[in-house]
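Overview (structure and organization)
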Amino acid sequence: MKFSAFGERLTGQSGIVELMDDLGNALAAAETGDADKEPVHMLGGGNPACIPEVASVIRESMTDILADSDRFDQMVNIYDPPQGDPQFCAAIAALLNKQFGWPISAKNIALTSGSQSSFFLLFNMLAGTMADGSQRKIVLPLCPEYIGYADLGLSDDFFTSTKPLIQEVDDHVFKYAVDFDHLIIDESAAAICASRPTNPTGNVITDEEVAHLSLLAKEHDIPFIIDGAYGLPFPGIIFTEAEPHWEEHVVVTLSLSKLGLPGVRTGIVVANEQIIQALSQANTIMSLAPNSIGPVLTQKMVESGDILSVARETVLPWYRNKCQRAQDLCFQYLKDIPWAMHKPEGALFLWLTFPGLPITSAELYARLKARGVLVVSGHYFFHGIDPEWQHQHECIRLTYVQDDKHVEAGIHILAEELRALFCRGRE
């Protein structure tokens, strides 16, 4: 069968496809009991945890909906407008206005079928081949960045990226920072985009970095997109001080996934009215209308502000505790190995680097997978960076949301593999 250029782009080798295949196969093996043949220590995917207290709130909301025929019909039996559920959009705008003083209304909110859909639409509306034949790019000011961005562009050479400054924080701990001295924003720039906190590293770009990037975007008359899938104001998985940011030229993307609802595929975009109108039209063409389940399930939480208290009082402490335990395990098991960890400031991951690693991180991924441990090779996250830069082949991402026994077993096996590799390299 022959595919179009579009088809070949979507069916080619992809880090995000490999990641989701691994996650799906591992979950299927766990459910069928075929654990001898499939990986069981799932430290690779980005699936959020099922936090009992959050799940209880969602189940209670679902029970109320099932008892209310009007709300049930709204959830499953009616197309929402292309912009999304009007009441939910209005509730989100009111919440952000009340809590943070953002001068927005429902006209500044659009819903999509998840953050991945948000970015597919935003990136390709702003960048790629323009009407005059020129090429414009998405600027990633701080790589490594989210693996799911890599294959969203419908043209080649879609991103321009900047290597990070690597700052030593403590023994075995470092932090990436934006290298503004080498950040290039020229006439080819379509938008600046940064995730906050960053997937994969857990880095939270500082308020000062956010303000600087926002100013640069404004000066060049381009949008500044802040990917808040893990961040502010919800689900709020940020372990350091940070303030939410929005201006007329800023696009903030949010999601219900990491709050505990990945299956409902609800992305939320906060932007100026021109971008929202364009997204709404694109929604019509791509999917007629966004999903209704997430908005109906969480509308009362948004209207009451409980979505913020759930994030602050339940979601954040749960992940902070899991993160601290995973850090402790790394210091316990990796102590005699060359290694360092990005300072965990949010999200669901630890980002580890092994200076002088005798093999590539892709080969390390394969070795760990053979032993029943799933991680993600770091090289997938350096979009637009010179592939010869050694650092990107010495990093892995692992998630700490699984049961403690799986996290500890996975880190233990990782340490064994690394110890054998480094010992062999010294012989």
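Details of the structure are given in the entry above.
Calculation rules
- Residues numbered from 1 in each chain as written.
- Predicted model: local features only at pLDDT ≥ 70, side-chain atom pairs only at ≥ 80, totals over all residues.
- Heavy atoms only, no water.
- Helix = DSSP H or I, 4+ residues; strand = E, 2+ residues; numbered from the N terminus.
- Expected span 1.5 Å × (residues − 1).
- Buried < 20%, exposed > 50% of the residue type's maximum accessible area, 1.4 Å probe, protein only.
- Arc of directions from axis to C-beta.
- Pairing = 2+ DSSP bridges.
- Right-handed = clockwise from strand over helix to strand, strands pointing away.
- Lys, Arg positive; Asp, Glu negative; His and termini not counted.
- Salt bridge = Lys/Arg side-chain N within 4 Å of Asp/Glu carboxyl O.
- 1 Å grid on protein atoms, 1.4 Å probe; cavity = no way out; pocket = protein on both sides within 12 Å on 5 of 7 lines; lining within 4 Å.
- Points joined across faces, edges and corners; volume = space filled by probe spheres on them.
- Nonpolar A, V, L, I, M, F, W, Y, C, P; charged D, E, K, R; others polar.
- Phe/Tyr/Trp six-rings, centres within 6.5 Å; stacked < 30°, edge-to-face > 60°.
- Lys NZ or Arg CZ within 6 Å of the ring centre and 35° of its normal.
- Axes fitted to C-alpha atoms, helices over the stretch in contact; angles between N-to-C directions.
- Parallel < 35°, antiparallel > 145°, perpendicular 65-115°, else oblique.
- Contact = heavy atoms within 4.5 Å.
- Left-handed = near helix turned anticlockwise from the far one by under 90°.
- Disulfide = S-S within 2.5 Å.

**Structural notes on helix α3 (residues 52-66)**
- In a regular helix each residue adds 1.5 Å, so 15 residues correspond to 21 Å; α3 covers 21 Å between its end C-alpha atoms and thus fits that length.
- Listed as buried for α3 are Val54, Ala55, Ile58, Ser61 and Ile65. Projection of α3 onto a plane perpendicular to its axis shows the buried side chains occupying an angular sector of 125 degrees, all on one side. Projecting away from the buried face of α3 at angles above 90 degrees are the exposed residues Pro52, Arg59, Glu60, Thr63 and Leu66.

**Some remarks on the pairing of strand β8 (residues 189-195)**
- With 7 of 7 residues buried, β8 lies mostly within the body of the structure.
- Two elements, strand β4 (residues 135-140) and β8, share 3 bridges in a ladder whose sense is parallel. From the neighbouring strand, Lys137 faces β8, where its bridge partner is Ala189.
- In this structure, β8 lies alongside strand β9 (residues 224-227), joined through 4 bridges in parallel fashion. Within β9, the position partnered with Ile192 by the bridge is Phe224.
- Chirality of the crossover, the property in question, places the unit of β8, helix α7 (residues 207-219) and β9 among those that are right-handed.

**What to know about the side chain of Lys258**
- Residue position: Lys258 is located in helix α8 (residues 257-260).
- Buried charge without a salt bridge: Lys258, with Asp227 as the nearest opposite-charge side chain at an N-O distance of 8.7 Å.

**Quick word on the pattern of salt bridges**
- Applying the stated rule across the entire model yields 12 salt bridges.
- Its salt-bridge partner being Arg371, residue Glu417 comes within 3.1 Å of it at the nearest N-O pair. With Glu417 in helix α13 (residues 404-426) and Arg371 in the loop between α12 (361-370) and β14 (373-374), this pair connects stretches of sequence that are 46 residues apart.
- Connected via shared salt-bridge partners are Lys322, Arg325, Asp404 and Glu408.

**Notes on empty space enclosed by the protein**
- Overall, the coordinates contain 3 cavities of 30 Å³ or more when judged by the stated rule.
- Estimates place the volume of the largest cavity at around 80 Å³.
- Together, Trp102, Arg196, Ile226, Gly228, Leu232, Pro244, His245 and Val252 line the largest cavity.
- A class-by-class count of the residues in the lining of the largest cavity yields 5 nonpolar, 2 polar and 1 charged.

**Let's talk about the packing of aromatic side chains**
- Using the criterion set out here, one finds 16 aromatic pairs in the structure.
- A network of ring pairs unites the aromatic residues Phe119, Phe123, Tyr146, Tyr149, Phe158 and Phe159 as a single cluster.
- A cation over a ring is seen here: Arg397 above Phe349, with NZ or CZ 3.9 Å from the ring centre.

**Things to note about the packing of helix α10 (residues 293-304) against helix α11 (residues 306-333)**
- Orientation of α10 relative to α11, taken along the N-to-C sense of each, is 90 degrees, at an axis distance of 5 Å. Between α10 and α11, the interaxial angle falls into the category roughly perpendicular. Contacts between α10 and α11 involve Met301, Val302 and Ser304 from the former and Asp306, Ile307 and Val310 from the latter.
- Partitioned by chemical class, the residues of the contact of α10 with α11 number 4 nonpolar, 1 polar and 1 charged.

**Some remarks on α10**
- When we look at burial in α10, the residues that qualify are Gly294, Pro295, Val296, Leu297, Thr298, Gln299, Met301 and Val302.
- Considering only its buried residues, α10 is in contact with α3, α4 (69-76), α5 (86-100), β2 (109-112) and α11.
- Note on α10: the residue one or two positions beyond its end, Gly305, has a positive phi of about 85 degrees.

**Quick notes on the packing of helix α6 (residues 115-126) against helix α9 (residues 273-287)**
- In contact at an axis separation of 10 Å, α6 and α9 are set at 115 degrees when each is read in the N-to-C sense. The orientation of α6 relative to α9 falls into the category roughly perpendicular. When the axes of α6 and α9 are compared, the crossing they make is right-handed. Between α6, through Phe120, Leu121, Leu122 and Met125, and α9, the contact on the second element is made entirely by Ile275, Ala278, Leu279, Ala282, Asn283 and Met286.

**Quick word on the pairing of strand β13 (residues 349-353)**
- Taken across its 5 residues, β13 has 5 buried, putting it largely inside the fold.
- Burial of β13 is two-sided: the residues Phe349, Trp351 and Thr353 facing one way and the residues Leu350 and Leu352 facing the other way are all buried.
- Sheet topology note: the strand β12 (residues 340-342)/β13 ladder contains 2 bridges and is antiparallel. Across the sheet, Met341 pairs through a bridge with Leu352, a residue of β13.
- In sequence, β12 turns back onto β13 through a hairpin of 6 residues, with Ala347 there showing a positive phi of about 65 degrees.
- Judged from the 5 bridges that link them, β13 and strand β16 (residues 395-399) form a sheet pairing that is antiparallel.

**Some points on the sheet that holds β13**
- Spatial strand order, β6-β7-β12-β13-β16-β15: 6 strands in an open sheet with mixed pairing. Looking at the sheet topology across the chains shown, the edges are occupied by β6 (165-170) and β15 (376-377).
- Sheet topology places strand β7 (residues 173-177) next to β12; 2 bridges connect them, and they run parallel. Bridge assignment links Phe174 to a residue of β12, and that residue is His342.
- Along the sheet face, α11 touches β7, β12 and β13 and points at about 25 degrees away from the line of β13.

**A word on the state of the cysteines**
- Under the criterion given, the structure shown has 0 disulfides.
- This cysteine, Cys143, is not joined by any disulfide, and Cys193 carries the nearest cysteine sulfur, 10 Å off.
- Cys143 sits in the buried class, given a relative accessible area of 0%.

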